[in-house]
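# Fold and geometry: a report
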Amino acid sequence: MKADISARQLCAVCFAALFAPGFMLCPRMSWHWVLLAAAVAGLYYYIVSRLLRRGASLPRTGIWRGVLLPAALALACLAGYGAKRSAGAFPETDGNVLAGLLVLALAVFAARLGVQAVARCGSLLFFFVALIAGIILVFSAPRVRPEWIAPWGGAEQGVLCLLLFLLPGAAVYLQPRVAVSNTRPGWWLLAFGLSAAGAALVTSGCLSPAAAVGPDSFYVLSGGASLLGVAERFEALLSAAYLAGYFCASALLLCAARSLAQNALGEKKFPAHWAAAAVAAPATVVLPASWLVPMLVVGGVFCGLFPIVLLWVGAAKKV
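Every chain is numbered independently, its residues counted from 1 as its sequence is written. Only residues with pLDDT of at least 70 are given local features in this predicted model, and only at 80 or more are side-chain atom pairs given and counted; all residues enter the totals for whole chains, interfaces and linings. Only hydrogens and water are set aside; all other atoms, that is, all heavy atoms of the structure, feed into the side-chain values.

Next up on the list: the layout of surface pockets. To locate leftover empty space, one rolls a probe as large as a water molecule over the atoms. Here a cavity is any set of points on a 1 Å grid over the protein atoms alone where a 1.4 Å probe fits but cannot get out, and a pocket is any open set with protein on both sides within 12 Å along at least 5 of 7 lines; a residue lines the site when it has an atom within 4 Å of a point. Grid points are joined across faces, edges and corners, and a volume is the space filled by probe spheres set on the points. The volume enclosed by the largest pocket comes to roughly 390 Å³. Lining of the largest pocket is provided by 22 residues; of these, Met 24, Arg 85, Ala 87, Gly 88 and Asp 216 occupy positions nearest its centre. Elements with a contribution of two residues or more to the lining of the largest pocket: α1 (7–25), α3 (63–85), α4 (97–113) and α9 (217–223). Counting residues per element, the lining of the largest pocket draws most heavily on α9, which supplies three residues. Residues are grouped as follows: Ala, Val, Leu, Ile, Met, Phe, Trp, Tyr, Cys and Pro are nonpolar; Asp, Glu, Lys and Arg are charged; all remaining types, including Gly, are polar. Each residue belonging to the lining of the largest pocket can be placed in one class, and the counts come to eleven nonpolar, seven polar and four charged. Only DSSP runs of H or I reaching four residues or more are called helices, and only runs of E reaching two or more are called strands; each is numbered from the N terminus.

Printed below as a string of structure tokens:
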């Protein structure tokens, strides 16, 4: 089957999808735990890419088809929860659910057009979010105080970052719509890990470790960035970048959920896209935004553990 998108496009989409949750979470952590989590996740994606290049595919027969449906439901819930978290792009507001529903509606529309549309949007938004992050980090770096950048915090920070970095593993479920090439997803993840660790270092170095653990620390950092000694206000651009990131994340997860449901229940016998949207919409309204850790665990299981196990099973069936 001809691939719908290239591996490079997919990596750009995953980078953009990680931006919003990553730059909300990682600046609250110590930079060394973020780097360690990125290195472990890079090893994970290296193994996954090796399995894919060797021809491994998801099993679609027997009991394994029954495993795909719970994974599809979990990814749809994650898409809805990601849209819910997009309200955090505006810390001054009190968790307006309308922002989440709007992001989810746009993600549902993009996913309805297909993974090609999501890839085109994500590839363009990648440059936008990378530019905004780079500008804020560069303009804030002169304010870093060396005594505030020493490693701090416990290993639980690295675990949370690792669970977050495993979320793009949901792209494995898009097979065979994604081309397998020499593009190394581990390098893209490493690039994101370096930028997230840089955000953690600069945030801690500018605000102090005690202030960096605040829920909106990177947003606060963006308000104090300065160019040639003149304070600049980047909050509006950062909010737009957060919304773009959560849009990419929700759209990617919806595409993966639809692919899983189609594999489990039949390509044309089940309206998989609208079923995924029907699960994601209540999740956006009902799931509390404070359930970050439980949802990261769900993402680690269904976006990290499940894909590599299913690929190993698929590879074993080919032997």
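Counted by the stated rule, this structure contains three cavities of 30 Å³ or more. By volume, the second largest cavity is sized at about 330 Å³.

We now examine the packing of α1 against helix α6 (residues 155–165). Axis angles are defined between N-to-C directions and span 0 to 180 degrees, where every axis is a line fitted to C-alpha atoms and, for a helix, only to the segment in contact. Across the interface, α1 lies against α6 with an axial gap of 10 Å and an inter-helix angle of 175°. As summarised for this structure, α1 and α6 are arranged roughly antiparallel, according to the angle between their axes. Contacts between α1 and α6 involve Leu 18, Pro 21, Gly 22 and Leu 25 on the former and, on the latter, Leu 160, Leu 164 and Phe 165. Reported orientations rely on four angle classes, namely roughly parallel under 35 degrees, roughly antiparallel over 145, roughly perpendicular from 65 to 115, and oblique for the rest. Note on contacts: a residue pair is in contact if any heavy atoms of the two residues lie within 4.5 Å.

The criterion for an aromatic pair is that two Phe, Tyr or Trp rings (for Trp, the six-membered ring) have centres within 6.5 Å, with stacked assigned to planes under 30 degrees apart, edge-to-face to planes over 60 apart and tilted to the rest. Considering all chains together, one arrives at ten aromatic pairs under this definition. Residues Phe 19 and Tyr 242 carry aromatic rings whose centres are separated by 5.9 Å and whose planes lie at 40° to one another, so their mutual orientation is tilted. Linking Phe 19 in helix α1 with Tyr 242 in helix α10 (residues 235–265), this pair joins segments that are 223 residues apart in sequence. Relative accessibility decides the category of a residue: with a 1.4 Å probe and only protein chains considered, values under 20% of the type maximum give buried, values over 50% give exposed, and everything between is partly exposed. Residue class for Phe 19 comes out buried when judged on its relative accessible area of 1%. Taking NZ or CZ as reference, Arg 145 lies 4.2 Å from the ring centre of Trp 148, over its face. Either the NZ atom of lysine or the CZ atom of arginine qualifies as a charge over a ring when it sits within 6 Å of the ring centre and within 35 degrees of the ring normal.

We now examine a nonpolar patch on the surface. Patches were defined on residues exceeding 30% relative accessible area and lacking a salt bridge, with like-charge contacts within 9 Å and nonpolar side-chain contacts (Val, Leu, Ile, Met, Phe, Trp, Tyr) within 5 Å. Working definition of accessibility: Shrake-Rupley area with a 1.4 Å probe, residue cover restricted to the visible protein chains. Within this document, salt bridges are pairs made up of a side-chain nitrogen of Lys or Arg and a carboxyl oxygen of Asp or Glu, the two lying within 4 Å of each other. A cluster of nonpolar side chains, Leu 98, Leu 101, Val 285 and Val 286, forms an exposed patch at the surface whose accessible area comes to about 370 Å². For the nonpolar patch, the elements supplying multiple residues, two or more each, are α4 and α11 (272–286). Take Val 285: it is sitting in helix α11. What makes Val 285 partly exposed here is its relative accessible area of 46%.

This next bit is on the state of the cysteines. Simply put, disulfide is the name for a covalent bond between the sulfur atoms of two cysteines. Count a disulfide wherever a pair of cysteine sulfur atoms falls within 2.5 Å. Scanning the entire structure with this criterion turns up zero disulfides. Cys 248 supplies the cysteine sulfur nearest to Cys 121, a cysteine that is in no disulfide, at a spacing of 7.4 Å.

What follows deals with helix α2 (residues 31–53). Working rule for helices: expected span equals 1.5 Å times residues minus one. The end-to-end C-alpha distance of α2, which contains 23 residues, comes to 33 Å, matching closely the 33 Å that a straight helix rising 1.5 Å per residue would cover. Turning to α2, its buried residues are Trp 33, Val 34, Ala 37, Ala 38, Ala 41, Gly 42, Tyr 44, Tyr 45, Val 48, Ser 49, Leu 51 and Leu 52.

What follows deals with the side chain of Ser 30. Secondary-structure assignment places Ser 30 in the loop between α1 and α2. Here a polar contact is recorded for every N or O atom pair within 3.5 Å, except that within protein the pair must consist of a potential hydrogen donor and a potential acceptor, and residues adjacent in sequence are included only if both atoms are side-chain atoms. Looking at Ser 30, its side chain comes within polar contact range of the main-chain nitrogen of Trp 152, at 3.2 Å. With residues up to four places along the chain from it excluded, the contact list for Ser 30 reads Pro 151, Trp 152, Gln 157 and Ala 200.

Working definition of a nonpolar core: buried Ala, Val, Leu, Ile, Met, Phe, Trp, Tyr and Cys residues. They are joined through side-chain atoms within 4.5 Å. Judged by nonpolar contacts, the single largest core of 105 residues is most densely connected at Val 34, Leu 75, Phe 165, Tyr 173, Phe 218, Tyr 242 and Leu 254. Of the residues forming this core, the biggest block, 18 residues, is contributed by α10. If sequence neighbours within four positions are ignored, Tyr 173 has contacts with Leu 58, Ala 71, Leu 75, Ala 256, Ser 259, Leu 260, Phe 302, Phe 306, Pro 307 and Leu 310.

The interhelical angle for the contact between α2 and α6, taken along N-to-C directions, is 40°, at an axis separation of 8 Å. Overall, the two elements α2 and α6 adopt an arrangement that is oblique. Classified by chirality, the crossing of α6 by α2 is right-handed. Counting all contacts with α2, which are made through Trp 33, Val 34, Ala 37, Ala 38, Val 40, Ala 41 and Tyr 45, the residues of α6 involved are Ala 155, Gln 157, Gly 158, Cys 161, Leu 162 and Phe 165. Two helices crossing with the near one rotated counterclockwise from the far one by less than a right angle form a left-handed crossing, whereas a clockwise rotation gives a right-handed crossing.

Purely spatial values, then, with no claim about function.
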